[in-house]
Amino acid sequence: MRIVSLLPSATEIVCALGLGDQLVGVTHECDYPQSVQSLPRVTRTLIPSDASSCEIDRLVSEQLKTTKALYQLDLPLLKELRPDVIVTQSLCDVCAVSPNEVQTALAQLSGAPRVVNLEPQSLDGLFEAIRQVAAAVGVSADDTIRHLRGRVEAVAMRSATLTVRPHVTLLEWLDPPFSSGHWNPELVRIAGGIEGLGKEGQPSRRLRWEEVLTWQPDVMVIACCGFDVKRTFQDVAGVQSMSGWRELPAVRSGRVYVADGSHHFNRPGPRLIESLELLAHAIHPDRHQVPVGLPALHRVASPQYS
């Protein structure tokens, strides 16, 4: 079976099912596991590598209003790879090659490859996506899903008896701020927090900073979509002078954390479970341990008060 993945989370699902040796092509963003980094790249981005967060937001907003795409498919390479299965998505209009471009490409490919279209909006949706990929290539997903569900249930059980559930804000972008969306508010709930700005199963949304200030989060986690920790800290520096920032409970208590949004929280693949475990430790470190082999979320230094 020759598999082409058109999004990083799908690549991770394929590998979690033990099918990494059947991947023949991935996207320019696919970087996990390490074994996929040498595979042919069938997409490229039109977003300048040096664009600021504000500029990226402007480009994305323009894309949503027009048919202009932010990602392009390398059709000649795709033809050369001769895929039997193509895994893509229709959940997010700006995170991958557009469904229209995929359909156009399919009309030009020989062999009529099977298209698996993933659209997870929750943890249950993630498990269903894993089953979809497994079914497309004729393997069982039962063991993989059982293992992942077990880890979720372990976090949920530790959180079940909590008497204090702090206000949590999980931000998926900073300039401008965006709330958490889809599965991330669910992760906050299971981890033992209350997410007051994002809604389970709903897309992330643009926020006014006044909403963050009104919510008064006890814990803040910043996981900018597609950014690593170093890049996210650049944007954190830009909001630390914002009026009201120093008075937020999370800031005063030193409970503002930065996550690698490229790898965790924003990819609906198996590592959402790692994201849950990291989040649970950040919210309730006395109840939840850091996942074995992973560093805790990066803490943002608190300002000095006179």
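Everything below is about the structure shown above.
Cut-offs applied
- Residues numbered from 1 in each chain as written.
- Predicted model: local features only at pLDDT ≥ 70, side-chain atom pairs only at ≥ 80, totals over all residues.
- Heavy atoms only, no water.
- Helix = DSSP H or I, 4+ residues; strand = E, 2+ residues; numbered from the N terminus.
- Contact = heavy atoms within 4.5 Å.
- Salt bridge = Lys/Arg side-chain N within 4 Å of Asp/Glu carboxyl O.
- Buried < 20%, exposed > 50% of the residue type's maximum accessible area, 1.4 Å probe, protein only.
- Pairing = 2+ DSSP bridges.
- Axes fitted to C-alpha atoms, helices over the stretch in contact; angles between N-to-C directions.
- Phe/Tyr/Trp six-rings, centres within 6.5 Å; stacked < 30°, edge-to-face > 60°.

Participant: It is not clear to me how the environment of P176 should be interpreted in this structure. Could you clarify?
Facilitator: Considering the arrangement of structural elements, one finds P176 in the loop between β8 (173–174) and β9 (177–178). Residues contacting P176, with those up to four places away along its chain left out, are D57 and R206.

Participant: Please explain unusual backbone geometry as it appears in this structure.
Facilitator: For residues that are not glycine, phi is negative in most cases, and the peptide bond is trans in most cases. Residue P33 is reached from Y32 by a cis peptide bond, and omega for that bond is -5°. By secondary structure assignment, the location of P33 is in the loop between β2 (23–25) and β3 (43–45). The omega torsion across D175 and P176 is 0°, close enough to zero to call that bond cis. Its identity as a non-glycine residue notwithstanding, H182 has a phi of 55°, on the positive side.

Participant: Before we go on, may I ask you to explain the pattern of salt bridges in this structure?
Facilitator: Side chains that differ in charge, positive against negative, can pair when their charged atoms come close. By the definition in use, this model includes 12 salt bridges. R58 serves as the salt-bridge partner of E55, at 2.4 Å between the closest nitrogen and oxygen. Placement of both E55 and R58 in helix α2 (residues 53–65) is noted, with a separation of three residues, approximately one turn of the helix. Judged by relative accessible area, which is 28%, E55 ranks as partly exposed. Via salt bridges that share partners, E12, D31, R267 and R271 belong to a single interconnected network.

Participant: Which parts of the structure should I look at to understand helix α1 (residues 8–16)?
Facilitator: Along an α-helix, a turn takes 3.6 residues, which lines up residues three or four apart on a common side. Counting buried positions along α1 yields eight of nine residues, so the element is predominantly enclosed. Taken together, the buried positions of α1 are P8, S9, A10, T11, E12, I13, V14 and C15. On the buried face of α1, the contacting elements are β1 (3–5), β2, β5 (85–89), β6 (114–118) and α5 (123–137). Among the residues trailing α1, G18 stands out with phi positive, at a value near 80°.

Participant: What is the right way to read the pairing of strand β7 (residues 167–171) from this model?
Facilitator: Remark: a regular strand shows side chains that alternate across the two faces of the sheet. The element β7 is largely enclosed, with a buried count of four among its five residues. Bridge count for β7 against strand β10 (residues 194–195) is two bridges, and the pairing is parallel. The residue of β10 that forms the bridge with H167 is I194. Two elements, β7 and strand β11 (residues 219–222), share four bridges in a ladder whose sense is parallel. Bridge pairing links V168 to V219 in β11.

Participant: Is there a simple way to think about the sheet that holds β1 in this case?
Facilitator: Strands belonging to one sheet form pairs held by backbone hydrogen bonds; the direction of such a pair is parallel or antiparallel. Strand order in this open sheet of four strands is β2-β1-β5-β6, and the pairing throughout is parallel. Each having just a single partner strand, β2 and β6 make up the two edges of the open sheet. With direction set aside, neighbouring strand axes in the sheet form an average angle of 30°. Two strands pair when backbone bridges link them, and β5 and β6 are joined in this way by five bridges, in the parallel orientation. Looking at β6, one finds that V85 is bridged to R114. Running at roughly 175° to β6, α5 makes contact with β1, β5 and β6 of the sheet.

Participant: How should the packing of aromatic side chains be read in this particular structure?
Facilitator: A ring pair, where both rings are aromatic, is described by two values, the distance of the centres and the angle of the planes. Counted according to the given criterion, the structure contains one aromatic pair. Measuring from centroid to centroid gives 4.8 Å for W173 and F227, while their planes differ by 40°, and the two rings are tilted. Of this pair, W173 sits in strand β8 while F227 is found in the loop between β11 and α9 (229–239), placing the two residues 54 residues apart along the sequence. The pair formed by W173 and F227 is uniform in burial state, with each residue classed as buried.

Such coordinate-based values are descriptive only and should not be taken to indicate function.
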